[in-house]
Amino acid sequence: MNVYTRLLLACLLLMSSTVNSANAGAVEKPFKMIEWIDLIPPAELEILMNPPEYVSEIEDGSAEDQIASQMKSAIEAANDDLYQQALVSTNVNANMNGAKIKLPGFIVPLDFDDDLTVTQFFLVPYFGACLHMPPPPPNQIILVDTAQGVKVDDLQTPFWVSGELRTAISENDTATSAYSMKLLELELYDY
C-alpha cells in the first residue's frame, strides 16, 4: 500500500469517526415534516393532479370561476364525477393515522377559555379558509385540541403545528375535518 493510499484511508477513517461522533449526540426529531398533499389518499391525489378537460374550459372571472360557485357545483356533481368527489372528500391517507407530524398552516379558532386563549381550532392550508371562503375539502382540515391553549393575535399569521395525527371525522357549524390532532408543539412559521 503506497503512502497516498494510507493517507487517503486515514482521512476517510478520521472523517467517518467525526461524523459518527457528531451524529451520536444528535437528537432524532420526533416529528416528520409533511405537506398538505400528504393528507390526500394517493388515488384521489392522482385524480386532482389530472383534472378533467372541462376544468380548463372555465373562463377566468366567470360565475363558474368563483370559489363559492365551484364548491356548490362540486357538491351537486359529486355523485357522478370522481374529480368533483375528490374536491369534497372525507377520505384520508390511512398511512397518516398515528403519525407524528409537523405541518404549516393557519389557525381557525373554534373554542376559547375564559382568558380568550384558543383551546380548539382547525388547522387549514390557506388564510381565510372556513372564515371568508368555503372550507377546503375535509381531508385538508385538521381539528386540533390543546389543553394549554394558544394565544392568536393575528389570524393571518401561519404556524408550524406538531402532534400526533388521527383519522377522525369531526363536524361543526364551521366545517368538517377528516383529521384530528392533540397539539404538542406550536411555533411561528418563518418564511
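The text that follows walks through the structure, step by step, so that each part is easy to find.

## Regarding the nonpolar core
The biggest cluster of nonpolar side chains holds 21 residues, and the ones touching the most others in it are Leu39, Leu103, Leu123, Ile142 and Leu165. A per-element tally of this core places strand β6 (residues 176–188) first, with 4 residues. Once you skip the residues sitting within four places of it in the chain, Leu103 turns out to touch Ile34, Glu35, Trp36, Leu39, Leu123, Ile142, Phe159, Trp160 and Val161. Counting residues in hydrophobic clusters, the runner-up holds 9 residues, among them Phe106, Val108, Leu110 and Ile141.

## Section: the side chain of Gln140
On the secondary structure map, Gln140 appears in the loop between β3 (118–124) and β4 (142–150). Those residues within four positions of Gln140 in sequence are excluded, and the remaining contacts are Trp36, Leu39, Ile40, Leu123, Val124 and Pro125.

## What to know about the pattern of salt bridges
According to the stated counting rule, one finds 2 salt bridges in the structure shown. Two residues, Lys102 and Glu187, come together in a salt bridge whose shortest N-O distance is 3.3 Å. Taken together, the residues span a long stretch of sequence, with Lys102 in strand β2 (residues 100–112) and Glu187 in strand β6 at a distance of 85 residues. Lys102 gets classed as buried once you look at its relative accessible area, which sits at 18%. Here Glu164 ties to Arg166 by a salt bridge, and the two come within 2.4 Å at their closest N and O atoms.

## Concerning the environment of Pro134
Turning to its location among the elements, Pro134 is positioned in the loop between β3 and β4. Linking Pro134 and Ala175, residues 41 residues apart in sequence, is a C-alpha distance of 8.6 Å.

## Notes on the pairing of β4
Where β3 and β4 come together, 5 bridges link them in antiparallel fashion. Across the sheet, Leu123 pairs through a bridge with Ile142, a residue of β4. Note: β4 against β6, 4 bridges, orientation parallel. Counted as the bridge partner of Val144 is Met181 from β6.

## Details of the packing of aromatic side chains
Here the structure, examined in full by the defined rule, presents 2 aromatic pairs. With a centroid separation of 5.1 Å and an interplanar angle of 40°, the aromatic rings of Trp160 and Tyr189 are classed as tilted. With Trp160 in strand β5 (residues 159–171) and Tyr189 in the segment after β6, this pair connects stretches of sequence that are 29 residues apart. Classification of Trp160 as buried rests on a relative accessible area of 14%. Taking relative accessible area as the criterion, Tyr189 reaches 29% and is therefore assigned partly exposed. Between the NZ or CZ atom of Lys102 and the centre of the ring of Trp160, over which it lies, the distance is 5.1 Å.

The rules we used
Sequence positions are assigned chain by chain, starting from 1 and proceeding in written order. The predicted nature of this model means local features are confined to residues of pLDDT at least 70 and side-chain atom pairs, given and counted, to a pLDDT of 80 or more, with totals for whole chains, interfaces and linings taken over all residues. Only hydrogens and water are set aside; all other atoms, that is, all heavy atoms of the structure, feed into the side-chain values. Nine residue types can take part in a nonpolar core, namely buried Ala, Val, Leu, Ile, Met, Phe, Trp, Tyr and Cys, and a core is a set of them joined through side-chain atoms within 4.5 Å. A 1.4 Å probe rolled over the protein chains alone gives each residue an accessible area, and that area as a share of the maximum for its type sets the label: buried under 20%, exposed over 50%, partly exposed in between. Only DSSP runs of H or I reaching four residues or more are called helices, and only runs of E reaching two or more are called strands; each is numbered from the N terminus. Residue contacts are counted whenever heavy atoms from the two residues lie within 4.5 Å of one another. The salt bridge definition used is simple: a Lys or Arg side-chain nitrogen within 4 Å of an Asp or Glu carboxyl oxygen. At least two bridges found by DSSP between two strands are what make those strands a pair. Here a pair means two rings of Phe, Tyr or Trp (six-membered ring of Trp) with centres within 6.5 Å. Their orientation is stacked below 30 degrees between planes, edge-to-face above 60, and tilted elsewhere. We call a charge positioned over a ring when the NZ of a Lys or the CZ of an Arg lies within 6 Å of the ring centre and within 35 degrees of the ring normal.

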